[in-house]
Amino acid sequence: MGANTPTVTDATWNTAVLKSDKPVLVDFWAEWCGPCRKVAPILDEIANELGDKVTIAKLNVDENPNTARDYNVLSIPFLMIFKDGQPVQQAVGLRPKSEILKLINSAL
């Protein structure tokens with residue numbers, strides 16, 4: 001994982017995402033997913049640029065199937081942004097940086 005994109009798990013989901021005091025963009029991903037590996041450095045770059053405005057977290061769907069199931073994640077990469085504990089935006093598939101920034105800005 002990138003230095004700026006912490007890992008969340010089924011066990012840490014409530015605290016790290018739902019109870020966060022700032023928006024959280026969650027990248028649902030898996031090791032075997034090529035597009036997931038391509039989006040990872042983009043997310044790390046955005047996390048570095050935005051600093052404390054937003055948390056960009058990663059959840060491995062193979063290791064954390066309960067959360068992926070709860071949010072109906074059927075394709076990856078799957079980006080979902082949460083604000084005040086609620087999902088507010090989502091995007092499926094590899095997206096350019098500009099589109100990911102629009103997703104984030106909608107929750108700021």
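Since this is a predicted model, take the numbers as computed values, not measurements.

Here is what the cut-offs are and how they apply
Residues numbered from 1 in each chain as written. Predicted model: local features only at pLDDT ≥ 70, side-chain atom pairs only at ≥ 80, totals over all residues. Heavy atoms only, no water. Helix = DSSP H or I, 4+ residues; strand = E, 2+ residues; numbered from the N terminus. Contact = heavy atoms within 4.5 Å. Expected span 1.5 Å × (residues − 1). Bend = angle between axes of the 7 residues up to and from the residue. Buried < 20%, exposed > 50% of the residue type's maximum accessible area, 1.4 Å probe, protein only. Pairing = 2+ DSSP bridges.

Enquirer: What's the story with the environment of I42 in this structure? I'm lost.
Expert: Structurally, I42 can be placed in helix α2 (residues 34–50). Apart from residues lying up to four places away in sequence, I42 is in contact with R95, K97 and I100.

Enquirer: In this structure, what is going on with α2? I would like to understand it.
Expert: Residues three or four positions apart in an α-helix share a direction because the helix packs 3.6 residues into each turn. Here α2 is 17 residues long and its end C-alpha atoms lie 25 Å apart, about the 24 Å a rise of 1.5 Å per residue gives. Remark: the principal bend of α2, roughly 25°, maps to A40, with a proline, P41, within the next four residues. All of the buried residues along α2 are C36, V39, L43, D44, I46, A47 and L50. Where α2 is buried, its residues meet β1 (24–29), β2 (55–60), β3 (78–83) and α4 (97–105). Positive phi appears at G51, one or two residues downstream of α2, with a value of about 55°.

Enquirer: Mind showing me how you'd approach the pairing of strand β4 (residues 86–92) here?
Expert: Residues in a regular strand project their side chains so that they alternate between the two faces of the sheet. With six bridges connecting them, β3 and β4 associate as antiparallel partners. Paired with I81 across the strands is Q89, a residue of β4. Between β3 and the antiparallel strand that follows it, β4, lie two residues; D84 among them carries a positive phi value of about 55°.

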